Every structure is written in C-alpha cells, then in structure tokens.
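Here is how the chains run, residue by residue.
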Amino acid sequence: QSVAMASGLAKGGAKPLIITNTTFMQRAYDQISQDVCINNNAVTIVLNYANFDGLTDVTHLGIFGISAFSNIPNLVVAAPTSASELRNMLNWAVDQTDHPVLILMPAGAVTEGTAPETFDPTKFCVAQRGHKVAILAAGDFFGRGKQLAEYVQDHFGFVPTLVNPRFLSTVDNELLDELTADHDVFVTLEDGILDGGFGQKIASYCAKNGVKVYNYGLSKQFYDRYNPQELLQSLGM
C-alpha cells in the first residue's frame, strides 16, 4: 500500500520517501514495477539491511536486492559507500523529478567520506586512476575494494584503478571503453548475489573488448544463519 500511495503522491507533485528493509520491499516488487516505474514517478525508496552481514535468517536476507531491483526499467539503483554519500544521494533523489530512485543503505563500519551534492546516474566515480587492473567495488564493498587496491600496490608494485560505481542500474560505457585501453583485468565486488547483479553487467559489456573480468559476490542460494566472515572466505573474498 505504501508503494502505490507514494506513486500517486509523486504523480501529484509530492516528494514521497519510503524506508524499509530490503526483504520487505521485495514483496512489493510488482507495485514498484507497475505503479512506480511504468509511470516513471519520482518516488524515493531507501532500503536497510541490503547487505550480506546484516540479517542472516533465510527469510530476511538482503542479498537479492541488487539483482532484483537494478533490472527494472526507469528505476535508478544507488549504492552509496559512506555516510556523506548517503546523505547527499538522499537529498538529490528527493529533489530530482526524472526517475524513481532506490538507495541501498551502507552498513557495517560506515565511514564519513566525501561526496558531491549532485549525481549523474549514468556515470561512475574514479576514486583512484591507475593501470593494468581496474577494481569496481559497489556500495558496502567499496572498502574491500580499497583494501584490494592497496594490496595490489604493495605486493605487485603498480597502482590499480579503483572505481566507486555509485549506481548499479546502468553501466558507464564511456568509462569502461576508456579503461580497456590500458587495463587487462577488471575485478567487480558487490554485496549481493552475482546472478543478475552489477558484476555481470560489467562482464557482459566488456566481453566485446576481450578484457578479463572477475566477478566476486554471493552465490544464488538461500543462505541461513551463516557466519558472514566464513561465508566470504568460502567465496574467495
């Protein structure tokens, strides 16, 4: 009901904001698609527990959010990496009137960070420009991407590129084409299942350029009451 009501409010010029857990919003998938996105109404949805180490009970998993929502037309899926990025994205999402926006709240040891006040949902952010290896680390996993970039520099003697995608529903084709000129390997990290997720979008686009792409995320399965760190180890992360 909240999704349908918010769509009507947005149609009438209001700026509705919906906040709930990822697992609950999955139950309103059809209303998001039919009521909000077909009409392209500027509803802002903020999802909590959209991560692998928040709620681990099988009925409350948030790991399907990226693959479920990032493939709905007109819906902009944002993945802030810090507190400031979350605040600025929320302000931007509520103020803009072009599209509905769904924000996956960062969790865990969230940093303050820095972020612009306006965003282009078709553009990724290059946090560090290097060569040979490009690391694209989304949302909660940007911190892990930063650690990986530091490890590469310390152990292999070169500076890799580190990208904060910020938006997971589109692919920055221009940036990917630019990076293929001096990068042989792309690595994607995401806090969700790989099937239908962000990394597969990158791999699909880069396949035509002959670049090796390694996707890291969770498997498509119903995990239940698992140890988050042990799960990461079993998945090679």
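Since we're looking at a predicted model, the values are computed, not measured.

The rules behind these values
Residues numbered from 1 in each chain as written. Predicted model: local features only at pLDDT ≥ 70, side-chain atom pairs only at ≥ 80, totals over all residues. Heavy atoms only, no water. Helix = DSSP H or I, 4+ residues; strand = E, 2+ residues; numbered from the N terminus. Buried < 20%, exposed > 50% of the residue type's maximum accessible area, 1.4 Å probe, protein only. Pairing = 2+ DSSP bridges. Right-handed = clockwise from strand over helix to strand, strands pointing away.

## Considerations on unusual backbone geometry
Argument step 1. Backbone geometry at Asn 40 places phi at a positive 55°, although glycine is not the residue there.
Argument step 2. Along the chain, Asn 40 turns up in the loop between helix 3 (29-37) and strand 2 (44-48).

## Quick look at the pairing of strand 6 (residues 132-137)
Argument step 1. The buried fraction of strand 6 amounts to 5 of the 6 residues, a majority that puts the element mostly inside the structure.
Argument step 2. Bridge analysis of strand 6 against strand 8 (residues 183-193) gives 6 bridges, and the strand direction is parallel. Following the sheet pairing, Ala 134 is matched in strand 8 by Phe 186.
Argument step 3. By the bridge criterion, 3 bridges tie strand 6 to strand 7 (residues 161-164) in an arrangement that is parallel. The partner of Ala 134 across the bridge, within strand 7, is Thr 161.
Argument step 4. Crossover handedness for the path strand 6 to helix 6 (residues 142-156) to strand 7: right-handed.

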